[in-house]
Amino acid sequence: NKAYFEAHGVDMDALESHFSKSKATKRSPTAMLVKNLPADTDRDELLAMFARFGTVAQLLLPPSNTLAMLDFTNPSEAKAAFRGLAYRRYRHVPLYLEWAPLGCMRP
């Protein structure tokens, strides 16, 4: 996952420092981590699920299919997706959503 995200412009230092520090990290208003995905996750299906709430600028899904990062173009659409999909069942598991650290996704 790490190599895939780095190859697609994710600042892994920002992401990893977020998980290693105990102090609060500023969060992006548009980018989120989608965790707890099953290994048989379908990229198009996942994109369609989030795109119902607005325009997804970027969706990154590494070959493991167990974790995704996505970025909306509009903060209000991202917030609506977060509210609408957090803990919602996708296939047989609940989705765990988390706002990504600010600046971890590069354009």
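Sequence order as written defines residue numbering, which begins from 1 separately in each chain. Local features are withheld for residues below a pLDDT of 70 in this predicted model, meaning they are given only at 70 or higher, and side-chain atom pairs are given and counted only at 80 or more; totals for whole chains, interfaces and linings count all residues. Side-chain measures here rest on the full set of heavy atoms in the structure, leaving out hydrogens and waters.

K.L.:
Quick one: what's the story with the overall build of the chain, residue by residue and with numbers?
P.N.:
Segments assigned H or I by DSSP are reported as helices when at least four residues long, segments assigned E as strands when at least two residues long, and all are numbered from the N terminus. Within the chain one finds four helices and six strands. Note on contacts: a residue pair is in contact if any heavy atoms of the two residues lie within 4.5 Å. For the chain, the share of sequence-separated contacts (at least 6 apart) that also reach a separation of at least 24 residues comes to 69%. When the accessible surface of the chain is totalled, it reaches about 5,900 Å², and 52% of it is carbon and sulfur. Residue exposure ignores everything except the shown protein chains as possible cover, and the areas themselves are Shrake-Rupley values with a 1.4 Å probe.

K.L.:
Go over helix α3 (residues 43–51) with me, naming the residues and quoting the values.
P.N.:
Residues of α3 that are buried include every one of L46, M49 and F50, and no others. Angularly, the buried residues of α3 cover 90° about the axis, an arc narrow enough to put them on a single face. For α3, the N-terminal cap is D42; the gap from its side-chain oxygen to the backbone nitrogen of D44 is 3.3 Å. Three labels apply to residues, based on accessible area from a 1.4 Å probe with only protein chains included: buried if under 20% of the type maximum, exposed if over 50%, partly exposed otherwise in between. By arc we mean the arc of the directions from the helix axis to the C-beta atoms, nothing more. Pairs of N or O atoms within 3.5 Å make up the polar contacts considered here, provided that, within protein, one atom can donate a hydrogen while the other can accept it, and that residues adjacent in sequence are counted only when both atoms are side-chain atoms.

K.L.:
How would you sum up the packing of aromatic side chains? Please name residues and give values.
P.N.:
The aromatic pairing rule takes the rings of Phe, Tyr and Trp, using the six-membered ring of Trp, and pairs them if the centres are within 6.5 Å, calling planes under 30 degrees apart stacked, those over 60 edge-to-face and the rest tilted. Inspection of every chain in the model, using the stated rule, returns three aromatic pairs. Ring centres of F82 and W99 lie 4.8 Å apart, and the angle between their planes is 10°; on these two criteria the pair is classed as stacked. Residue F82 is located in helix α4 (residues 75–85), and its partner W99 is located in strand β6 (residues 96–101); the two are separated by 17 residues in the primary sequence. Centre to centre, the rings of Y87 and Y96 are 5.9 Å apart; their planes meet at 65°, and the pair counts as edge-to-face.

K.L.:
I'd love a proper account of the pattern of salt bridges, names of residues and values included.
P.N.:
Proximity of charged atoms lets side chains of opposite charge pair with each other. A pairing counts as a salt bridge when a side-chain nitrogen of Lys or Arg comes within 4 Å of a carboxyl oxygen of Asp or Glu. Per the counting criterion, the structure on display carries four salt bridges. Across the salt bridge formed by E98 and R27, the nearest N and O atoms sit 3.2 Å from each other. Taken together, the residues span a long stretch of sequence, with E98 in strand β6 and R27 in strand β1 (residues 27–35) at a distance of 71 residues. Here K35 makes a salt bridge to E98, at a shortest N to O gap of 2.5 Å. With K35 in strand β1 and E98 in strand β6, the pair connects residues that are 63 residues apart, well separated along the chain. Classification of K35 by relative accessible area gives partly exposed; the value is 27%. Salt bridges sharing partners connect three or more residues here, namely R27, K35 and E98.

Read these as layout, nothing more, since geometry by itself doesn't imply function.
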